[in-house]
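Chain and residue survey
One letter stands for each residue in the lines below.
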Amino acid sequence: MHSKHSSQINETISWVGKWTFVLAAAGSAVGLGNIWGFPYKAGTEGGGAFVLIYLLCILAVGLPIMMAEIIIGRRARKSPVNAMKNAAIDSGKTSNWQVVGWSGLISGILILSFYSVIAGICLNYILISASPAADVSSVEQFGIVTSSSGRLLFWHSIFIALNILIISAGVVDGIERMVRLLMPMLFILMLVMVINAMINGDFARGLSFLFAPDFSQVDATTFLRAMGQAFFSLSLGMGSIMCYGSYMPQNENIFKTSLTVAGLDTLIAILAGLAIFPIIFAYGMEPGTGPGLVFVSLLSAFVDMPFGNIVGPAFFALLSIAALSSAISLLEPSVAYFEEEKIVSRFSAAMILGLFAWFIGIGSVLSFNDWSDISFIGNLNFLDSIDYLTNQFLMPLGGMMVAIFAGWFLKSNLALDELSSSHILIFKIWKFFIKFISPVLVAAVFVYQLVS
Ligand code: PHE
C-alpha cells in the first residue's frame, strides 16, 4: 500500500511512526563502528582520554552537522543530490552544490562494499561461537575464516541479499518495519552483554579503562582518529542522515531528535566498551589488540566462559543486527535517487546498486587472502584502501562541505523554518557552530591528514 503510493508521488514518502526517524537514524549510526570500532580504538588510543576527545568531537562537530543534514534533507523531501541542489538554488547559489550529494551516494556504495564483508564475518561468527572447535585457537579460527575467499564471499552475499530485500520493500514497509523490530532487539541484547560483563568480567577494571583518562597515549593522531570515528559513527558526510531526514515529518523537532540520535549512538558505543573490556581483562587478554579485539580476543574469552556458547552467538547476533540497520542506510540514498529520477523502479534500483556494491566487495574479500599482498592506495590493501578513501577522505570532506554550505551559503531563514519548533537560541548556537567551529575543526583534521 505505502510502497505503491510512494513510488508514484515521491514527495509524500514519510515515516509513519513518531519515533521512526530516531530509530532509523540510530539504526544507521549504531553499527560496526560502535561495537567493533570504538572499543578497539579506545583500546589502542589511551582509553578514557580517547573517550573524552571523542565526546568533544560528537558535540562540537557531529551534532551541528547532523542537524544541518536533516535541515537540508527535510526541507527538500528529496534524496541527497536533489536536496543539496534545491537548498543551493533556493539560497540563490549554484546548483553545483549537488556534488556533495553525489559524493555521498558514491561513498555509501563504497562503504557498503567492505562493510558487508565484515558484517558477513559477524554472521559467520554466530555459528562459530555457538560450537567453537575445541582444538583450534581463536587466532587460528580467524585465520581459517579469512583465508577462505569462498566462505567470505558466501556470507558477504547473504548480507547484501538481506539489504536488497529490505530496501526494495520500501521506506515504510522495508526500512521502517525493520528498524522497529531490530533496534529494540539490539538494545536488549546490549544490556544482556553488559550484565554478562558484570557477572563474568572484571567490571571495575573495564570501567576505569574506559573512563580514567591516560593522556600519555594522546597525540595529534588521537584527535584525527576520534574525529574520523565520530563522523563514521554518526553516519555523517555521506547522505544517510540527510536521506532519512527527508522522510522526517514536518512537526518533529530537529534539535531534539539529533540530540537523541547522537546520545544513543554514544551510549551504545560506551556500553559496547563496558560489555567487552571487563571480559578482556578477566580472561587475561590485552585491550590494545586492534581490529582483532572482537573476533580474536573476545572469541577466546567466550570459549572459556560459562555459557559462552550462548553468550557468544548473542554477541555476534547483536553485531550483525547493528551492521544490518546501518547497511540499509548506506544503500538507501542512491536507491532513493534512482527512484526519484524515475531511472528504474525501487526494486530494480536496489538490485542494481546492491549487486554493484557486492561486486566491489569481492576486492575486500580477496584482500584477506589472495590479494593480501597487493597494494592499492599507498601500501594499503583493497579493503583498507576503500576504508581509507571513504572514512578518512570522502566522509570528512562531505561533512566539511555540508558545514560550509549550511554555515555560509544556506539562507538563514530556510534553516530557521526547519528549526522553528526549537527555541531561537538553539538556532543561534547551531549557526555559530556550523559556521565557525565545525568546519574549522574538520578542516584542521583533514589538512593534517593530507600532509602527514
Ligand atoms: N555509522 C555506522 C557505524 O557506526 C556506519 C555508517 C557510516 C553507516 C556511514 C551509514 C553511513 O557502523
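A quick note: this is a predicted structure, and the numbers were derived from the prediction, not measured.

**A word on the overall build of the protein chain**
In terms of regular secondary structure, the protein chain is built from 19 helices and zero strands. Taken against the 2.2 N^0.38 rule, which gives 22 Å for 452 residues, the C-alpha radius of gyration of the protein chain at 21 Å falls within 12% of a compact globule. Each principal axis of the C-alpha distribution contributes one length, and for the protein chain these read about 65 × 45 × 45 Å. Here the protein chain, with 452 residues, has 60% of them falling under the buried criterion. Within the protein chain, residue pairs in contact and separated by at least 24 positions form 81% of the contacts whose partners lie at least 6 positions apart. Surface accessibility of the protein chain: about 17100 Å² in total, with carbon and sulfur atoms responsible for 69%.

**Digging into the side chain of Asn381**
Looking at the secondary structure, you find Asn381 in the loop between α16 (346-367) and α17 (382-409). Exposure remark for Asn381: the relative accessible area of 16% places this residue in the buried category. Only 2.9 Å separates the side chain of Asn381 from the backbone nitrogen of Asp384, close enough to count as a polar contact. If sequence neighbours within four positions are ignored, Asn381 has contacts with Ser367, Ser372, Ile374 and Phe376.

**A short note on a nonpolar patch on the surface**
A cluster of nonpolar side chains, namely Ile374, Phe376, Ile377, Tyr388 and Leu389, defines an oily patch on the protein surface of about 390 Å² accessible area. When you line up the elements, Leu389 lands in helix α17. On the accessibility criterion, Leu389 (30% relative accessible area) is partly exposed.

**Some points on the environment of Phe382**
Structurally, the position occupied by Phe382 is in helix α17. Assessed through its relative accessible area of 14%, Phe382 is described here as buried. Taking the C-alpha atoms as reference points, Phe382 and Leu366, separated by 16 residues in sequence, lie 8.1 Å from one another. Among residues more than four places away in sequence, those in contact with Phe382 are Ile360, Gly363, Ser364, Ser367, Trp371, Ile374 and Phe376.

**Let's talk about unusual backbone geometry**
For Ser235, which is not glycine, the phi torsion reads 60 degrees and is therefore positive. As for its placement among the helices and strands, Ser235 is situated in the loop between α11 (220-233) and α12 (240-245). Positive phi is not limited to glycine here, since Lys342 has a value of about 55 degrees. The residue Lys342 is located in the loop between α15 (308-340) and α16 in this model.

**Structural notes on the side chain of Asn391**
Among the secondary structure elements, Asn391 is positioned in helix α17. Apart from the residues within four sequence positions on either side, Asn391 is in contact with Gly228, Phe232 and Pro396.

**Describing the site of the ligand**
Looking at the ligand, there are 16 residues lining it, with Ala29, Gly33, Tyr115, Phe232 and Ser235 nearest. Asn34 has a polar side-chain atom sitting 3.3 Å from an oxygen atom of the ligand. If the ligand stood free it would expose 320 Å²; the protein chains cover 100% of that surface. Breaking the shell around the ligand down by element, the ones donating at least two residues are α2 (20-29), α3 (32-44), α11 and α15. When grouped by side-chain class, the residues that make up the shell around the ligand number seven nonpolar, nine polar and no charged.

**Side note on the nonpolar core**
Among the nonpolar cores identified, the biggest contains 155 residues, and Ile35, Ile65, Phe295, Phe315, Phe316, Leu319 and Trp430 are the most heavily contacted of them. Of all the elements, helix α4 (residues 48-76) adds the most residues to this core, at 17 residues. Excluding anything up to four places from it in sequence, Phe295 contacts Trp36, Ile118, Ile121, Cys122, Tyr125, Phe142 and Phe316.

**Examining the pattern of salt bridges**
In a structure, side chains of opposite charge can pair up when their charged atoms sit close to one another. Applying the stated criterion to the full structure yields six salt bridges. Glu176 is the partner of Arg180 in a salt bridge, and the nearest nitrogen-oxygen pair spans 3.1 Å. Separated by four residues within a single helix, Arg180 and Glu176 lie in helix α9 (residues 171-200), roughly one turn from each other. Glu332 is the salt-bridge partner of Arg346, the closest N and O atoms lying 2.9 Å from each other. Of the two residues, Arg346 is situated in helix α16 and Glu332 in helix α15; the sequence distance between them amounts to 14 residues.

**Side note on the environment of Gly62**
Among the structural elements, Gly62 can be located in helix α4. Overall, the relative accessible area of 4% leaves Gly62 in the buried class. Residues Gly62 and Val344 lie 282 residues apart in sequence; the distance between their C-alpha atoms is 34 Å. Dropping the residues within four chain positions of it, Gly62 is found in contact with Cys57, Leu234 and Leu236.

**With respect to helix α19 (residues 424-451)**
An ideal rise of 1.5 Å per residue puts 40 Å on 28 residues; α19 measures up with 40 Å between its terminal C-alpha atoms. The sharpest bend along α19 comes to roughly 45 degrees, located at Ile434. Within α19, burial applies to Phe427, Trp430, Lys431, Ile434, Ser438, Pro439, Val442, Val445, Phe446 and Gln449. In the core, the buried residues of α19 are packed alongside α4, α11, α17 and α18 (412-418).

**Let's talk about α4**
For α4, with 29 residues, the first-to-last C-alpha span of 40 Å sits near the 42 Å given by 1.5 Å per residue. Remark: the principal bend of α4, roughly 40 degrees, maps to Gly62, with a proline, Pro64, within the next four residues. Taking burial as the measure, the 29 residues of α4 include 24 buried ones, the bulk of the element. Among the residues trailing α4, Arg77 stands out with phi positive, at a value near 50 degrees.

Definitions and cut-offs
Residues numbered from 1 in each chain as written. Predicted model: local features only at pLDDT ≥ 70, side-chain atom pairs only at ≥ 80, totals over all residues. Heavy atoms only, no water. Helix = DSSP H or I, 4+ residues; strand = E, 2+ residues; numbered from the N terminus. Rg over C-alpha atoms; globule rule 2.2 N^0.38 Å. Buried < 20%, exposed > 50% of the residue type's maximum accessible area, 1.4 Å probe, protein only. Contact = heavy atoms within 4.5 Å. Areas by Shrake-Rupley, 256 points an atom, 1.4 Å probe, with all protein chains shown as cover. Polar contact = N/O pair within 3.5 Å; in protein donor to acceptor, adjacent residues only side chain to side chain. Patch = residues over 30% accessible without salt bridge, like charges linked within 9 Å, V, L, I, M, F, W, Y side chains within 5 Å. Salt bridge = Lys/Arg side-chain N within 4 Å of Asp/Glu carboxyl O. Near = heavy atom within 4 Å. Nonpolar A, V, L, I, M, F, W, Y, C, P; charged D, E, K, R; others polar. Core = buried A, V, L, I, M, F, W, Y, C linked by side-chain atoms within 4.5 Å. Expected span 1.5 Å × (residues − 1). Bend = angle between axes of the 7 residues up to and from the residue.

By themselves, these observations are geometric and do not establish any function.
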